[in-house]
Amino acid sequence: MSKWCAWSSSSAWSTFDTQVQRRKWKLKLIEELQARSTAEPVSLPTDPFTLNDLEYRRVKVRGYFDHSKELYILPRTMVDADREARDAGRLSSSGESGANVITPFYCTDLGIRILVNRGFVPKNKVRPETRQKGQITDEIELVGLVRLTENRRPFMPHNNEEKNNWYYRDVDAMSRVVETEPIFIDSDMSSTIPGGPIGGQTRVTLRNEHMQYIITWYGLCAATTYLWYAKFVRRLPF
């Protein structure tokens, strides 16, 4: 009994300390990502190994869109910090459902084609013919954030390339379908074209539940320490 109490208390305190350290690490990482997403844009590097270390980094490119090969990630709601703050804690969001429009972009300065998430459109504007004003063909300069492939979440449907139904960002598969380099950027709000998708659809967040874990393990630490003290110091009967 004494060994069990001592082991339980020691294990709980060790896990508590681990969660404290992991929370510090996670907060620092979030801070670094937010700094990347607001830094001055740099020219887009084309080396895949370099890009792997630049997720959320702002980059700039110059070229034109190929609207004939749009892809759609859906369902999506528009990123709106004020609305999301109001909806915090609700079981459902009040945001309008729609899609993110992914369009091949030929970089005239680099001589390559990449994928650009132009932004959000409501579901009644997913079809290109409903937003012709925003389907510009001129050469433009845009700023966006480097994004990498995201993991499919549990219970999320698999992407359907044949039907052009994409539920999560698979850069390699998307680039293969529309014949671009496996490079993907989210255009920022300043790159929004009037009448086109709304840019700035990047959530710079990481799951951070370590404070809840810290509280939970602190409670377990307190409980196991009290049991050990009561049993072997005060020798109270149980």
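Everything that follows concerns the structure shown earlier in this document.
In this report, we go over the structure that sits alongside the text. Throughout this description, residue numbers start from 1 for each chain and increase along the sequence as written. Confidence filtering applies because this is a predicted model: local features only for residues at pLDDT of at least 70, side-chain atom pairs given and counted only at 80 or more, and all residues used for totals across whole chains, interfaces and linings. The basis for every side-chain value is the complete set of non-hydrogen atoms in the structure, without hydrogens or water.

### Describing the overall build of the protein
Filter applied, for reference: Only DSSP runs of H or I covering at least 4 residues are called helices, and only runs of E covering at least 2 are called strands; the numbering of each starts at the N terminus. Here's how the labels work: a residue is buried when its accessible area is under 20% of the maximum for its type, exposed when over 50%, partly exposed in between, all with a 1.4 Å probe on protein chains only. Any two residues whose heavy atoms approach within 4.5 Å are treated as being in contact. Per-residue accessibility takes into account occlusion by the displayed protein chains alone, with areas from the Shrake-Rupley method and a 1.4 Å probe.
Helices and strands together make up the secondary structure of the protein, namely five helices and seven strands. Going from the N terminus to the C terminus, the protein shows its helices and strands as α-β-α-β-β-α-β-β-β-α-β-α. The buried share of the protein, taken over its 238 residues, is 38%. In the protein, the proportion of contacts linking residues at least 24 apart, taken out of those at least 6 apart, comes to 67%. When the accessible area of the protein is evaluated, it comes to approximately 14,300 Å², of which 54% is carbon and sulfur surface.

### Remarks on the side chain of Arg58
Selection rule: N or O atoms within 3.5 Å of each other form a polar contact, as long as, within protein, one can give a hydrogen and the other can take it, and as long as residues adjacent in sequence are counted only when both atoms are side-chain atoms.
Mapped onto the secondary structure, Arg58 falls in strand 2 (residues 58-65). A residue is classified by how much of its surface remains accessible, and Arg58, at 16% relative accessible area, is buried. Polar side-chain contacts of Arg58 include one of 3.2 Å to the side chain of Asp188.

### Digging into helix 4 (residues 171-178)
Burial in helix 4 covers these residues: Val171, Ala173, Met174, Ser175 and Val178. Where helix 4 is buried, its residues contact strand 3 (71-77), strand 4 (97-107), strand 5 (112-122), strand 6 (140-147) and strand 7 (184-187).

### A few points about the pairing of strand 7
Test applied: Paired strands, in this sense, are two strands between which DSSP finds at least two bridges.
Of the two faces of strand 7, both are covered, the one formed by Phe184 and Asp186 as well as the one formed by Ile185 and Ser187. Across three bridges, strand 5 lies against strand 7 in parallel orientation. Following the sheet pairing, Val116 is matched in strand 7 by Ile185. As paired strands, strand 6 and strand 7 are joined by four bridges and run antiparallel to one another. What sits directly across from Leu145, in strand 7, is Asp186.

### Here we look at the nonpolar core
Applied cut-off: Within this scheme, the nonpolar core is defined by two criteria: the residues are buried Ala, Val, Leu, Ile, Met, Phe, Trp, Tyr or Cys, and they are joined through side-chain atoms within 4.5 Å.
With 17 residues, the main nonpolar core has Leu44, Val61, Phe105, Ile114, Leu142 and Ile185 as its most contacted residues. Of all the secondary structure elements, the ones that give two or more residues to this core are strand 2, strand 4, strand 5 and strand 6. Here Val61 is in contact with Leu44, Phe105, Cys107, Ile114, Ile140, Glu141, Leu142 and Ile185, once residues within four sequence places are set aside. Counting 10 residues, the second-largest nonpolar core is a separate cluster that includes Leu71, Val171, Met174 and Val178.

Read these as spatial facts, not as claims about activity.
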